[in-house]
Amino acid sequence: IVVVAERVFGRHTRCFVVGEQPSSSDENCDTSADILIKDAWPEVSGSAEDDMRDESKLLDQVSNGLIGRSEFEGLYPKFLGGGRMQIQDAHGESVDETTRTVLGKTVWAQLGELPLRAHMRIAMSGVGKPLKTVQSIPELIVVIYDVMRCHMGILKHCHILHRDISEGNILVQRDSTGVHGMLIDFDHAINITDDGYAKRAERTGTRPFMSVNNLEDKPTKRTALDDWESIIYILCWLGTFGWNSDTKPSDSMSNWKIESWDGYNVKMIAEAKRDHMDSSRTFTGITKEFNPSIPHIAVLEDIVEGLRAVLIDDHKDPNLRGAKIIRDRIPKDNSNNVFSGYDFKMRPDPFVKRAEHWESISESLLAKLEIYAQGAKELLLTDI
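Heads up: these notes are all about the structure in this document. Note on numbering: residues in each chain are counted from 1, in written sequence order. Predicted model: local features are reported for residues with pLDDT of at least 70 only, side-chain atom pairs are reported and counted for 80 or more only, and whole-chain, interface and lining totals are derived from all residues. Excluded from the side-chain calculations are hydrogens and water; all other atoms, namely the structure's heavy atoms, are used.

**Some remarks on the sheet that holds strand β2 (residues 35–40)**
Strands sit in the order β1-β2-β6-β3 across an open sheet of 4 strands; the sheet is antiparallel. Two strands bound the open sheet, and with one partner strand each, they are β1 (14–18) and β3 (78–84). Going from strand to strand, the sheet's axes swing by 15° on average, the running direction of each strand aside. Relative to strand β6 (residues 120–125), β3 runs antiparallel, the two sharing 6 bridges. Residue Gly 83 lies in a different strand from β6, and its bridge partner there is Arg 121. Docked against the sheet, helix α1 (residues 55–65) engages β2, β3 and β6, running at close to 160° with respect to β3. The pairing criterion for strands is at least two bridges between them, as found by DSSP. Under the DSSP-based scheme used, a helix requires at least four consecutive residues in state H or I and a strand at least two consecutive residues in state E, with every element numbered from the N terminus. Lines are fitted to the C-alpha atoms to define the axes, a helix being fitted only along its stretch in contact, and any angle between axes, read from their N-to-C directions, falls within 0 to 180 degrees. Residues count as neighbours in contact if any of their non-hydrogen atoms are within 4.5 Å of one another.

In structure tokens:
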């Protein structure tokens, strides 16, 4: 068992590796030949045929969409089979194993407004190590680049948006050519329209890494930019708190600014992220708290600022720049009398406006990250 369900309620996800499993101490061993079985109880919507969030269908779509595209080989799990589990009801009929069929209609009705969950079991090939096994910032950047180029490849060739980029959904693989990243967990993924927008706008993801659009849960179009925003938050989180025992901060500093990205009040989290992401100056409040004892931490500061600038700053249209919604104060007449009054006009939300240009901005972000990853690879080669 490589993932243990820690709660009775919820998704109750468990993962099992089939085949020879290397010892836990052998973090450099290649596990690409192993098969993983994922057993979970995700939320579902209606029947298996109509469920847009069926991970087995999405993984199958990814595997078929990337056939013959060797540049993405090993960067995503390949679907082998699976779907909803079935049980026999009181009449001997096979039915989907859901919380409603297990508990019975009477008990289910008495429980009130609970999300419907179905028992899913999926077999896939490709097993990696947790992100905490990266050994340096250069390795981290190579892994992140692999994940995001795979993300954009899946978006382009399979028409699927991941929607849950988090440190838990990024794995590390090693082979004779070096370290690689792997993007997993497509249970929040969704198909996109021809214009590249998610077919449904809803709050998904892991809270500290959620985009502003996701946190505010407005009917704003969700795009690849939401996942790119999550990558910036992940890198900031790891730069501050580290990714394993060797990179954790040694002091017991409290009141980290980045802690405002977590908690129960999603409105306050969104406001904090708007404040921090708005400019290079405000973003420094986050990067100055990075752990100075991590080698190459200054490089990571430059990288996250470079990505933030591409996402937030580097636009000719002023409506696309910044992270705050600005209110302009306009005099009601041309006189110098301050008592003549003012009209107020709200500028467009820059996150909303940027979503209309998601494709070109995403391409710029990937190109920027590729430059960083190339530098990281060159440094790793010199360290061999």
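**Remarks on the nonpolar core**
Only buried residues count toward a nonpolar core. Its members are Ala, Val, Leu, Ile, Met, Phe, Trp, Tyr and Cys residues joined through side-chain atoms within 4.5 Å. Only protein chains enter the accessibility calculation, which uses a 1.4 Å probe. A residue is then buried if its area is under 20% of the maximum for its type, exposed if over 50%, and partly exposed in between. Ile 141, Leu 235, Cys 236 and Leu 369 are the most contacted members of the largest nonpolar core, which has 84 residues in total. Ranked by residues supplied to this core, first place goes to helix α4 (residues 137–158) with 14 residues. Excluding residues that lie within four positions of it along the chain, Leu 235 makes contacts with Leu 140, Ile 141, Ile 144, Phe 290, Leu 300, Val 304 and Leu 307. Within the second largest apolar cluster, 5 residues are counted, among which are Met 210, Val 266, Ile 269 and Ala 270.

**Quick notes on unusual backbone geometry**
In this structure, His 159 takes a positive phi of about 60° despite not being glycine. With respect to the element layout, His 159 can be found in the loop between α4 and β8 (160–161). Given a relative accessible area of 43%, His 159 falls into the partly exposed group. A positive phi is found at Asp 185, a non-glycine position, where the angle reads about 60°. Locating Asp 185 in the fold gives a position in the loop between β10 (178–183) and β11 (190–191).

**Some words on the packing of aromatic side chains**
Pairing of aromatic rings covers Phe, Tyr and the six-membered ring of Trp, with a centre-to-centre limit of 6.5 Å; geometry is then stacked below 30 degrees between planes, edge-to-face above 60, and tilted otherwise. Evaluated as defined, the whole model comprises 4 aromatic pairs. The interplanar angle of 85° and the centroid separation of 5.9 Å between the aromatic rings of Phe 209 and Trp 237 together place this pair among those described as edge-to-face. Of this pair, Phe 209 sits in the loop between β11 and α5 (212–216) while Trp 237 is found in helix α6 (residues 224–241), placing the two residues 28 residues apart along the sequence. Judged on exposure class, the residue Phe 209 and its partner Trp 237 are both buried.

**Observations concerning a nonpolar patch on the surface**
Patches draw on residues past 30% relative accessible area with no salt bridge. Two like charges within 9 Å are joined, as are two nonpolar side chains (Val, Leu, Ile, Met, Phe, Trp, Tyr) within 5 Å. Method for areas: the Shrake-Rupley scheme with a 1.4 Å probe, in which residue coverage is limited to the protein chains shown. What counts as a salt bridge is simple: a side-chain nitrogen of Lys or Arg found within 4 Å of a carboxyl oxygen of Asp or Glu. A cluster of nonpolar side chains, namely Val 102, Leu 103, Val 107, Leu 111 and Leu 114, defines an oily patch on the protein surface of about 400 Å² accessible area. Looking at where Leu 103 falls in the secondary structure, it is placed in helix α2 (residues 99–103).

**What to know about the sheet that holds β10**
The strand order β7-β9-β10 describes an open sheet built from 3 strands, whose pairing is antiparallel. Edge positions in the sheet fall to β7 (129–130) and β10, since each has one partner strand and no second. Packing of α4 onto the sheet brings it into contact with β9 (170–175) and β10, and relative to β10 it is tilted by some 40°.

**Digging into the environment of Asp 246**
When you line up the elements, Asp 246 lands in the loop between α6 and α7 (266–277). Taking the C-alpha atoms as reference, Asp 246 lies 9.7 Å from Ser 293; in sequence the two are 47 residues apart.

**Some points on the packing of α7 against helix α8 (residues 280–287)**
In contact at an axis separation of 6 Å, α7 and α8 are set at 115° when each is read in the N-to-C sense. Relative to α8, the element α7 lies roughly perpendicular. Each of Asp 275, His 276 and Met 277 in α7 lies in contact with α8, whose residues at this interface are Thr 282, Phe 283 and Ile 286. Looking at the contact of α7 with α8, its residues break down into 3 nonpolar, 2 polar and 1 charged. Each angle gets one of four labels, with under 35 degrees taken as roughly parallel, over 145 as roughly antiparallel, 65 to 115 as roughly perpendicular, and the rest as oblique. Any residue outside Ala, Val, Leu, Ile, Met, Phe, Trp, Tyr, Cys, Pro, Asp, Glu, Lys and Arg is labelled polar, Gly included; the first ten of those are nonpolar and the last four are charged.

**Quick look at the side chain of Thr 247**
Considering the arrangement of structural elements, one finds Thr 247 in the loop between α6 and α7. Assessed through its relative accessible area of 8%, Thr 247 is described here as buried. A polar atom in the side chain of Thr 247 sits 2.8 Å from the backbone nitrogen of Trp 243. In this structure the side chain of Thr 247 is engaged in a polar contact, spanning 3.1 Å, whose partner is the side chain of Asn 244. Nitrogen and oxygen atoms within 3.5 Å of one another constitute a polar contact, given that in protein one can donate a hydrogen and the other can accept it, and given that sequence-neighbouring residues count only through two side-chain atoms.

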